[in-house]
Each structure stands twice: as structure tokens, then as C-alpha cells.
Amino acid sequence: MNRIVQLKNGGQALVRPVVTGDAEGLLEVERAIVRDGRGVVQDLEDLASSVEEMAGGLQEWVSGKHSGWQGMLLVALISDRVVGSGLIHRFRPGRLRHVAQVEVGIHPDSQALGLGRALMDALLGWPETDNGSGVLRIELSVRADNDRAIRLYESLGFHTEGTRRRLVRNPDGSFADDHIMALALPPPPEPLQLVRDQR
Ligand SMILES: CC(C)(COP(=O)(O)OP(=O)(O)OC[C@H]1O[C@@H](n2cnc3c(N)ncnc32)[C@H](O)[C@@H]1OP(=O)(O)O)[C@@H](O)C(=O)NCCC(=O)NCCS
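Residues numbered from 1 in each chain as written. Predicted model: local features only at pLDDT ≥ 70, side-chain atom pairs only at ≥ 80, totals over all residues. Heavy atoms only, no water.

*Asks:* Looking at this structure, how should I read the pattern of salt bridges?
*Replies:* A side chain with one charge can pair with a side chain of the opposite charge if their charged atoms come near. One pass over the full model with this rule turns up 9 salt bridges. Across the pair Asp-36 and Arg-38 runs a salt bridge, and its minimum N-O distance is 2.9 Å. Under the relative-accessibility criterion, Arg-38 is labelled partly exposed at 45%. Residue Asp-145 is joined to Arg-143 by a salt bridge in which the shortest nitrogen-to-oxygen separation is 2.8 Å. Asp-145 sits in the partly exposed class, given a relative accessible area of 45%. Three or more residues are tied together by salt bridges with common partners; here these are Arg-137, Glu-139 and Glu-161. (Salt bridge = Lys/Arg side-chain N within 4 Å of Asp/Glu carboxyl O. Buried < 20%, exposed > 50% of the residue type's maximum accessible area, 1.4 Å probe, protein only.)

If you want it as C-alpha cells, here you go:
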């Protein structure tokens, strides 16, 4: 699952499953993205309030612990520093288990280097693993003013299925729309039926 990524600036990054020790770095990335404000729907108070709380929340996703079939949380590192993360998780209700949701976020100082695409590529490979098997639809929501992210998702085959008007209320009181985007995966081939000759 570990991948070395060649960055657009000539450097390298590592993409790998999260470990509990990533909590501090991940929290710093989330805080930096929220402070930057582009593409976000959270406020700082919505994030974990401490590294310990963040680490507790990561337990569910730590590779090999449990719940692997429900999803995968990846981190991207440059020189051992966490600079981004990506999550894919399957919906729990029985009739929705073929649907998964993705999220991705890169620290503002490491954006536009190819990490968002690298994380998305890795996440979209999850349905091909044993844990992710059966996922036929991957969806996400994205602010309609988030051109960078929308361009990335469209290049990966996602289509906008609908727009939630004025879903996001910004701190200055203005509103933003939000798109639901989805990618349909081909269903697995039907098992071959042996038809007995009735003649
Ligand atoms: C949106 C985001 C995930 C993209 O990741 P990234 O590492 O910055 O982008 P990448 O370098 O991987 O570029 C991927 C694509 O995004 C688009 N893109 C990236 N930077 C862009 C820019 N400044 N302007 C326009 N498009 C841009 C391009 O289509 C690019 O395609 P390319 O690989 O052919 O160049 C990242 O910028 C981010 O985390 N932003 C803040 C949080 C956020 O918006 N998360 C998504 C919420 S739905």
C-alpha cells in the first residue's frame, strides 16, 4: 500500500496508511487547511481539540486494527512530515454498502505538487482490494467555488449530479453552493453460466 510519489517540484513524497503517531501532524494539516479557508466547510472548533483526541479518532482507521472493510485512511508525507490525508469509507447500511465516500486535503504549503491527485489515485484503488470489493459508486461533496478540487475530480471521471444551493454559510454571512459528484465503477463481470444443451 505504500507508494512513493514524484512531485511536480522534483521532490518525492510517501503515501501510506495512517498510524496513530500521525495524529499531531494530521491535526496540524487540518488546522492549516481551515485557517487557509479555501474549499473548507469546517471551523477550527469543529476539529479535534487535542492531539490525544485526534489519536483516539484515528484508532478506527489504523491499519490492521479493525474495520478495514469499511474504509481506508491514507496520509502523504514529505521528509517524514505529514502534509496531507485522504479517506475513503463505505456507507454502513446494507443497501448502501456498494457506495463509498472520499475526502482529501493537502496542507496549503504543499498544494499543487501532485499530492491531491496521488492520494485520490490511491483511494480509488481501494474498491479493487479485498476490503473494498463490492464498491460500485464513489461520491463526494465539494464547494461549488472550489475550482481546483472540481477540476481534479472531473479529470478522474467524477460527474456533478446535483447542487445544494446555499449549503455553506461562510463566517462573513455569505453563502456558497455545494456539488454532489460521483464516479460509477463498472460492475464485476457476471459469472459464466454453463447452459446445458437441451436437444
Ligand atoms: C483541492 C486539493 C485536494 C488538490 O490537491 P493538490 O495537491 O493541491 O493538487 P494536485 O497538484 O494534485 O493537482 C491535481 C489537479 O488539481 C487541479 N489544480 C491543482 N492546483 C490548481 C490550481 N492552482 N488551479 C487550478 N487547478 C488546480 C488541476 O486540475 C490538477 O491537475 P494536474 O494534476 O493535471 O495538474 C488541495 O488543493 C486541497 O487540499 N485544497 C484545500 C482543501 C480542499 O479543497 N479539499 C477538497 C475538499 S472537496
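Now that the structure has been shown, we can carry on.
*Asks:* Quick question: what am I supposed to make of the packing of aromatic side chains here?
*Replies:* Two numbers describe a pair of aromatic rings. These are the distance of the centres and the angle of the planes. For the structure on display, the rule yields 1 aromatic pair. Against the face of Phe-175 rests Arg-166, its NZ or CZ located 4.1 Å from the ring centre. (Phe/Tyr/Trp six-rings, centres within 6.5 Å; stacked < 30°, edge-to-face > 60°. Lys NZ or Arg CZ within 6 Å of the ring centre and 35° of its normal.)

*Asks:* Where do I start with the pairing of strand β1 (residues 3-6) in this structure?
*Replies:* Taken residue by residue, a regular strand's side chains alternate between the two faces of the sheet. In this structure, β1 lies alongside strand β2 (residues 12-17), joined through 4 bridges in antiparallel fashion. Within the sheet, the bridge partner assigned to Val-5 lies in β2 and is Ala-13. (Pairing = 2+ DSSP bridges. Helix = DSSP H or I, 4+ residues; strand = E, 2+ residues; numbered from the N terminus.)

*Asks:* I'm lost on the nonpolar core in this one. Help?
*Replies:* The nonpolar side chains of a soluble globular protein tend to be buried with one another. Among the nonpolar cores identified, the biggest contains 33 residues, and Ile-88, Val-102, Met-120, Ile-138, Tyr-153 and Phe-158 are the most heavily contacted of them. Listing elements by their share of this core, those giving two or more residues are β2, β3 (71-78), β4 (81-90), β5 (99-106), α3 (115-124), β6 (137-143), α4 (147-155) and β8 (175-184). Counting residues per element, this core draws most heavily on α3, which supplies 7 residues. Among the nonpolar cores identified, the runner-up in size contains 19 residues, and Val-18, Val-40, Leu-58 and Leu-87 belong to it. (Core = buried A, V, L, I, M, F, W, Y, C linked by side-chain atoms within 4.5 Å.)

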